[in-house]
Amino acid sequence: WNDLDVKDINLDALELQFKGGIMSGEARSLSFKENSGYIVEHMSGTARVGRGKTIIEDLHIDDPWSDVHLPLFMMSYDNIKAFSDFINMVKLDADIGRSRLDFTTLSYFAPELEGNRLNAEVSGTMSGPVTDFTFSDVRINLADTRFAGKASGRITGLPDIGQTVIDADLED
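Below is a summary of the structure that appears in this document. (Residues numbered from 1 in each chain as written. Predicted model: local features only at pLDDT ≥ 70, side-chain atom pairs only at ≥ 80, totals over all residues. Heavy atoms only, no water.)

Looking only at helices and strands, the protein chain features two helices and 10 strands. Shown N-terminal to C-terminal, the secondary structure of the protein chain runs as helices and strands in the order β-β-β-β-β-α-β-α-β-β-β-β. Taking 2.2 N^0.38 as the reference for a compact globule, 172 residues should give roughly 16 Å; the C-alpha atoms of the protein chain span a radius of gyration of 17 Å, in line with that estimate. Once the C-alpha set of the protein chain is aligned to its principal axes, its extents read approximately 50 × 30 × 30 Å. In the protein chain, buried positions account for 36% of the 172 residues. Across the protein chain, contacts joining residues at least 24 apart in sequence account for 34% of those joining residues at least 6 apart. Of the roughly 10700 Å² that the protein chain leaves accessible, carbon and sulfur atoms contribute 53%. Of the side chains in the protein chain, 16 bear a positive and 29 a negative charge, and the two mean positions are spaced by 4 Å. (Helix = DSSP H or I, 4+ residues; strand = E, 2+ residues; numbered from the N terminus. Rg over C-alpha atoms; globule rule 2.2 N^0.38 Å. Buried < 20%, exposed > 50% of the residue type's maximum accessible area, 1.4 Å probe, protein only. Contact = heavy atoms within 4.5 Å. Areas by Shrake-Rupley, 256 points an atom, 1.4 Å probe, with all protein chains shown as cover. Lys, Arg positive; Asp, Glu negative; His and termini not counted. Charge placed at Lys NZ, Arg CZ, Asp CG, Glu CD.)

Dropping the structure here:
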């Protein structure tokens with residue numbers, strides 16, 4: 001968050017309003033480029049921000065590598081200062097609809113994953129800060145492999161891959 005540099009922003013939005021301490025609106029289409037090289041080709045969703053929560057419904061994110069659909073994505077925080085320690089202080093909750101997720105996308109947020117060429121079809125739920133979150137009924141189908149199944153569990157230690165612990169139950 002400290003070095004975020006977004007350019008070439010294109011936004012088609014409607015019903016933007018600020019009422020009762022809540023900012024809300026619908027982004028029909030948003031695209032941008034971030035200085036790191038990350039590109040969002042298309043993003044859309046309906047958002048409400050205020051009182052310690054950011055709630056986005058029907059969030060779609062398309063970049064050159066992934067196509068992610070989150071029927072519900074929420075960030076909870078004590079105040080805006082929590083974003084200065086995002087991975088520890090901001091709780092994420094997500095319902096993940098059937099999505100295609102490439103680790104190239106994830107590597108922009110966790111550079112330790114750079115060079116990992118995994119591509120997966122995923123769905124399920126997750127809850128918690130980046131450093132310690134739980135996931136349930138996450139369906140995974142890795143492209144170019146025969147691995148497919150469902151997992152529930154907990155991941156701690158991110159973004160430090162060397163310290164990351166995954167405790168999960170796997171099913172076919």
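Turning to the pattern of salt bridges, a few remarks are in order. The final tally for this structure, using the stated rule, is eight salt bridges. With a shortest N-O distance of 3.3 Å, K91 and D93 are connected by a salt bridge. According to the relative accessible area criterion, D93 is buried, its value standing at 16%. When the shortest N-O distance is used, the salt bridge between K150 and D137 registers 3.7 Å. On the criterion of sequence distance, the pair formed by K150 in strand β9 (residues 148–156) and D137 in strand β8 (residues 132–142) is long-range, its members being 13 residues apart. (Salt bridge = Lys/Arg side-chain N within 4 Å of Asp/Glu carboxyl O.)

What follows covers a nonpolar patch on the surface. A surface patch of nonpolar side chains, amounting to about 360 Å² of accessible area, comprises L4, V6, I9 and L11. If you trace the backbone, L11 turns up in strand β1 (residues 6–19). (Patch = residues over 30% accessible without salt bridge, like charges linked within 9 Å, V, L, I, M, F, W, Y side chains within 5 Å.)

With that out of the way, let us pick up the nonpolar core. F73, M75 and V90 are the most contacted members of the largest nonpolar core, which totals 29 residues. If you list the elements that add at least two residues to this core, you get β2 (22–34), β3 (39–50), β4 (53–62), β5 (67–76), β6 (91–102), β7 (119–128), β8 and β9. Discounting residues that sit within four places of it in the chain, M75 has contacts with G52, K53, T54, F83, F86, V90, K91 and L92. (Core = buried A, V, L, I, M, F, W, Y, C linked by side-chain atoms within 4.5 Å.)

Peptide bonds are trans in most cases, and residues, glycine excluded, mostly fall at negative phi. P159 follows L158 through a cis peptide bond whose omega is 10°. By the secondary structure assignment, P159 is in the loop between β9 and β10 (165–171). Even without being glycine, E15 reaches a positive phi, approximately 55°. Mapped onto the elements of the fold, E15 is located in strand β1. With a phi close to 55°, R51 is a non-glycine residue in the positive phi region.

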